[in-house]
Amino acid sequence: MMAITVNAIAVINAGNYKEKPYIGVLDIKLITGKNVSNYYMLIYDSELTRDTRLVDRLHYLVEIGRVVVGYVVRLIEYFLGLVRDGRSFLVVVDMDVITCEIGTPKCEIETPYCEIGNPHIIHISSFNPYLPKWTIKAKVNAKRDVRRFIN
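Definitions and limits used
- Residues numbered from 1 in each chain as written.
- Predicted model: local features only at pLDDT ≥ 70, side-chain atom pairs only at ≥ 80, totals over all residues.
- Heavy atoms only, no water.
- pLDDT = per-residue confidence, 0-100.
- Contact = heavy atoms within 4.5 Å.
- Helix = DSSP H or I, 4+ residues; strand = E, 2+ residues; numbered from the N terminus.
- Buried < 20%, exposed > 50% of the residue type's maximum accessible area, 1.4 Å probe, protein only.
- Phe/Tyr/Trp six-rings, centres within 6.5 Å; stacked < 30°, edge-to-face > 60°.

On average, residues of the protein score 78 in pLDDT, and 75% of them are at 70 or above. Ignoring residues within four places in sequence, the model shows residues 111-117, a span with pLDDT below 50, making 17 contacts including any to other chains.

So, about the side chain of R53. In this fold, R53 is placed in strand β3 (residues 49-54). Beyond its immediate chain neighbours, meaning those up to four positions away, R53 contacts N38, Y39, Y40, F89, L90, V91 and V92.

What follows deals with unusual backbone geometry. Positive phi, normally seen in glycine, also occurs at N7, with a value near 65°. Note that N7 resides in the segment before α1 (8-13). Judged by its relative accessible area of 36%, N7 is partly exposed. Of note in the backbone geometry, S46 takes a positive phi value of approximately 75° without being a glycine. With respect to the helices, strands and loops of the structure, S46 is situated in the loop between β2 (37-44) and β3. Take S46: its relative accessible area is 48%, and that puts it in the partly exposed class.

A few words now on the packing of aromatic side chains. All told, the structure shown has one aromatic pair when counted by the stated rule. Both rings, one in Y17 and one in Y78, keep their centres 5.9 Å apart while their planes meet at 85°; by these two values the pair is edge-to-face. Of the two residues, Y17 is situated in the loop between α1 and β1 (22-32) and Y78 in strand β4 (residues 71-82); the sequence distance between them amounts to 61 residues. The exposure class assigned to Y17 is partly exposed, which follows from its relative accessible area of 34%.

This is the structure in structure tokens:
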């Protein structure tokens, strides 16, 4: 059974960003401003809840349905952002989606990133129309002569 990391939010609030906790998703909202849209999640660690904001490059996870209410996510990279009035919110820069609901016995980690660990390299099967500014780069393993076609 996938265990949510207990007291993870308290540890994050204290400023420890080294942990990679498993967190449950309680709610997801799209908040639209004048020229910007942001996804906010309400997360919990079985004791505390916290508002979080997803960075733009993670929006597609919500838009294609990989992150839904009730799923578990593993926070990989995150930090606390401050608002002018002194409040803070959690900004999620990178996360793994656990493909199960909380309490399900078999869970799998699903990540769109390649095994080399570079967060800017995404597996081609994860492309979708909502990914901003992407380029396909390939490595040539075997090269043959140029083929010419005549109609």
